[in-house]
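Report on the structure
Spelled out, the chains give:
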Amino acid sequence: MIFFGGLALLLHLFLAGGFWPHRQAHTFSISLWGYMVKALFISWFWFLLSYYTELGAIAPILVISLSAIALVRFTSGTAPIYISVASKHSSRHFAVFALVSIVLSLPALGDLGSIFTRWDAVVSWNRWAMELSENVYQPAKSAYPVLWPAIWSLIYEAQGTKEVWYIAKASLILPVIFLSFYVADQVQSGRYLSGAFLGVISYSLFFSADQLTSGYMDYPVAVLGFGGLLMIREAIAEDVDQSARVERLLIAAITISLAMLTKQPGMLFAIAFLTVSIFLLLKKEITLQNFALFLAILIIPTLGYLSIYLPKQPSVVGNLDHLTDLAKTRRGDVGTYEYAFKILYDRIPPPISIAVAIGIALNFVFYKSRTAVFGILCFAIGLLGFIAYAHCCSYGWRNGVPLFSFWTMSAWIGVFLCVQQIVSKGATPPPLVSLASLRNGAITILTIFMAAAVGLLIMNIEWPREKITERHNAQIAQELGRPSVNKALLHHKQKIMKYGHLVTHYKPAQYLPSIGDKVGFCHQITNGCIGRHLKGRDRILAFLSEAHASPDTKVFLQNSIQSGEARLLARQGTFVLYEFKSP
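None of the values given here were measured: they were computed from a predicted structure. Positions within a chain are numbered from 1, following the residues in the order the chain's sequence is written. Reporting in this predicted model follows two pLDDT cut-offs: at least 70 for local features of residues, and 80 or more for side-chain atom pairs to be given and counted; totals over whole chains, interfaces and linings ignore these cut-offs and use all residues. Processing note: side-chain calculations cover all non-hydrogen atoms of the structure and skip hydrogens and water entirely.

**Here we look at the packing of helix 2 (residues 28-52) against helix 11 (residues 242-262)**
- To obtain an axis, a line is fitted to C-alpha atoms, over the contacting stretch when the element is a helix, and the angle between two such axes runs from 0 to 180 degrees between their N-to-C directions. Helix numbering and strand numbering both begin at the N terminus, where a helix is a DSSP run of H or I of at least 4 residues and a strand a DSSP run of E of at least 2. Two elements in contact, helix 2 and helix 11, have axes whose closest approach is 9 Å; the angle formed by their N-to-C orientations is 50°. Here helix 2 is positioned oblique relative to helix 11, judged by the angle of their axes. Like other packed secondary-structure pairs, helix 2 and helix 11 cross with a definite hand, here left-handed. In contact with Ile30, Trp33, Gly34, Val37, Lys38, Leu40, Phe41 and Trp44 of helix 2, helix 11 contributes Glu247, Arg248, Ile251, Ile254, Thr255, Ser257, Leu258 and Leu261. Here the angle decides the label: under 35 degrees means roughly parallel, over 145 means roughly antiparallel, 65 to 115 means roughly perpendicular, and every other value means oblique. For any helix crossing, the convention is left-handed if the near helix is rotated counterclockwise from the far helix by under a right angle, and right-handed if that rotation is clockwise. Contact definition: two residues touch when any of their heavy atoms are within 4.5 Å.

Laid out in structure tokens, this is it:
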């Protein structure tokens, strides 16, 4: 199970990119990021095919076959990866690269071996993944795109169960690691000051947050969007030749299309991309055909999502009105923008705020550089997003995280230009493009893959299906929802198994081991709820907390006991278990 799930993770987040090789030489980090987003892009269409067919039934065979073919493409040079490190400094540069990458990735890596426990991650994002693995989709009133649930569903199909979440959650770590590679590349290539600035700011705003791999989509969309902005900056640099510019814009378009498939704020990054692309088109630095291709890459994946969403929910804005009303309620009498600013500002350490502000201001000093103009554009789009956030989504700080991507990019560009002005120009060593570097890239990928494969095999032996399922179930009981409620429910497991159906307002009960498939959910235990679940059954159980029961529920329960339709089976603290019989 672990082997196939882990192999699926490697395939869908990197190896599949080998079927769409780069045509130009790029730095190591750009090349790796490009293959990652291409793999995700291809996997999204694989998911759509799987959703409309029974492709999931042969997922393990497909994962092994395609992974083997992709690995051959990488190691043979069909899908080239270049190591852009001067040979005489290769050991030192590689050590710096590895150290920076490890330090930035530690918060994410520290979350390995944990399950989804945050509310929306469990009852929305991962629930969709579990449904999609069985070709079912119930968006309810939401209009959230489902890139990551789709990837998780492919992992669940490959591992043969949706009841173990470790590998699906671990998939969120990969984009963060690849982003850390870019920071490391900046440092090891000689851009020490601007690279360190980027590392400190991104670590403070993206890497060290406790939400990074929680299963919420705010950080994934911010990381993908930031990666897209980085690729745009790499594309518009004055010293980039035409072919490399087009391909880096292609990688940026793919990245931003994935951000749009992750959550709605991804559309803000599309504004940045389209603005830059139109400018380059007018300057004749890209062709109309290039622009049309970029536009198609941005739009077509979202149309694929709408093909599964609109038949279930005709409103493309989902529950936006409800979220806007929620934001109004949360801020009360406080001003709209004042409240939104305070929520976001409180999440940023003051020294980071000052550094970001200075970096953004530097773009106006170097306004004649088109890179600085892009920095100013990022700042402006961040302000546009802030206005939207203040009105619709300021009920939670997480919704504003993607705005940090724009301001971080703007600040880093300002610092980069300032450092470039102070330090002699051309200090950065050019990428080394040679047969030797190509071979080094292939060896690196092969070594990493073989180490990962061996690791997965060892884990598969040490943690067989029964053992890892037992560990997963224990974590659910102890960490998901409220442990005291889980304990009370599992205490009555035998009764629940005997009666066959349990109704409760406690939603995490649906994921508890042994009883999850016996659980039905109601917001309140009322006559309508009980009647709906009793239909076709002789009797059912109802579990609730008296402390959280509504007045209507209390009256209904009292009347049901008096009429003989219900009886109290057990009481444990404030939790009670009732039996209801069919009339």
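**What to know about the state of the cysteines**
- Count a disulfide wherever a pair of cysteine sulfur atoms falls within 2.5 Å. Evaluated as defined, the whole model comprises two disulfides.
- One disulfide bridge connects Cys522 with Cys529, the sulfur atoms lying 1.9 Å from each other. Sign of the S-S torsion, about 95° for the bond between Cys522 and Cys529, identifies this disulfide as right-handed. Considered together, Cys522 and Cys529 belong to a single accessibility category, that of buried residues.
- If you count the bonded cysteines of the chain from the N-terminus, they pair up as 1-2, 3-4.
- Free of any disulfide, Cys378 has its nearest neighbouring cysteine sulfur in Cys418, separated by 18 Å. For every residue, the accessible area (1.4 Å probe, protein chains only) is compared with the maximum for its type, and the residue is labelled buried under 20%, exposed over 50%, or partly exposed between those bounds.

**As for the side chain of Lys518**
- Relative to the elements of secondary structure, Lys518 occurs in the loop between strand 1 (502-504) and strand 2 (519-521).
- A 3.5 Å cut-off defines polar contacts: any pair of N or O atoms within that distance qualifies, except that in protein one atom must be a possible hydrogen donor and the other a possible acceptor, and neighbouring residues in sequence count only when both atoms are side-chain atoms. At 3.4 Å, the side chain of Lys518 and the side chain of Asp517 are in polar contact.
- Setting aside residues up to four positions removed in sequence, Lys518 forms contacts with Ile496, Met497, Gly500, His501 and Leu502.

**Focus: the sheet that holds strand 4 (residues 566-572)**
- Strand order in this open sheet of five strands is 2-1-3-5-4, and the pairing throughout is mixed. Since the sheet does not close on itself, it has two edges, and those belong to strand 2 and strand 4, each with one partner. Between one strand axis and the next, the sheet turns through 25° on average, direction left out of account.
- Helix-sheet contacts for helix 21 (residues 483-491) involve strand 1, strand 3 (539-545), strand 4 and strand 5 (575-581), and the interaxial angle to strand 3 is about 155°. Pairing between two strands is assigned when DSSP locates at least 2 bridges connecting them.

**Some remarks on a nonpolar patch on the surface**
- Taken together, Phe45, Leu295, Ile299, Ile300 and Leu303 make up a surface patch of nonpolar side chains, about 400 Å² in accessible area.
- For the nonpolar patch, the element with the most residues is helix 13 (residues 288-309), which contributes four residues.
- Among the secondary structure elements, Leu295 is positioned in helix 13. Patch definition: residues with relative accessible area over 30% and no salt bridge; like charges joined within 9 Å; nonpolar side chains (Val, Leu, Ile, Met, Phe, Trp, Tyr) joined within 5 Å. Computed with the Shrake-Rupley method and a 1.4 Å probe, the accessible areas treat only the protein chains shown as cover for residues. For this document, the term salt bridge refers to a Lys or Arg side-chain nitrogen within 4 Å of an Asp or Glu carboxyl oxygen.

**As for the pattern of salt bridges**
- Applying the stated criterion across every chain, the model contains 14 salt bridges.
- Residues joined in a network through salt bridges with shared partners are Glu134, Lys162 and Glu163.

**Regarding the confidence of the model for the chain**
- The predictor rates its confidence in each residue with pLDDT, a number between 0 and 100. Per-residue pLDDT for the chain averages 88, and the proportion of residues at 70 or more is 95%.
- Per-element mean pLDDT across the chain ranges from 72 in helix 19 (residues 435-462) up to 97 in helix 12 (residues 266-282).
- The low-confidence segment residues 85-89, where pLDDT is below 50, has five contacts with residues more than four positions distant or belonging to other chains.
- Scored below 50 in pLDDT, residues 426-435 makes 13 contacts in the model with residues more than four places away or belonging to other chains.

**A short note on the pairing of strand 3**
- For strand 3, the tally of buried residues reaches six of seven residues, placing the bulk of the element in the interior.
- Examined bridge by bridge, strand 1 and strand 3 share three bridges and lie parallel to one another. Note that in strand 3 the partner of Leu502 across the bridge is Leu541.
- Examined bridge by bridge, strand 3 and strand 5 share seven bridges and lie antiparallel to one another. The residue of strand 5 that forms the bridge with Arg539 is Lys581.

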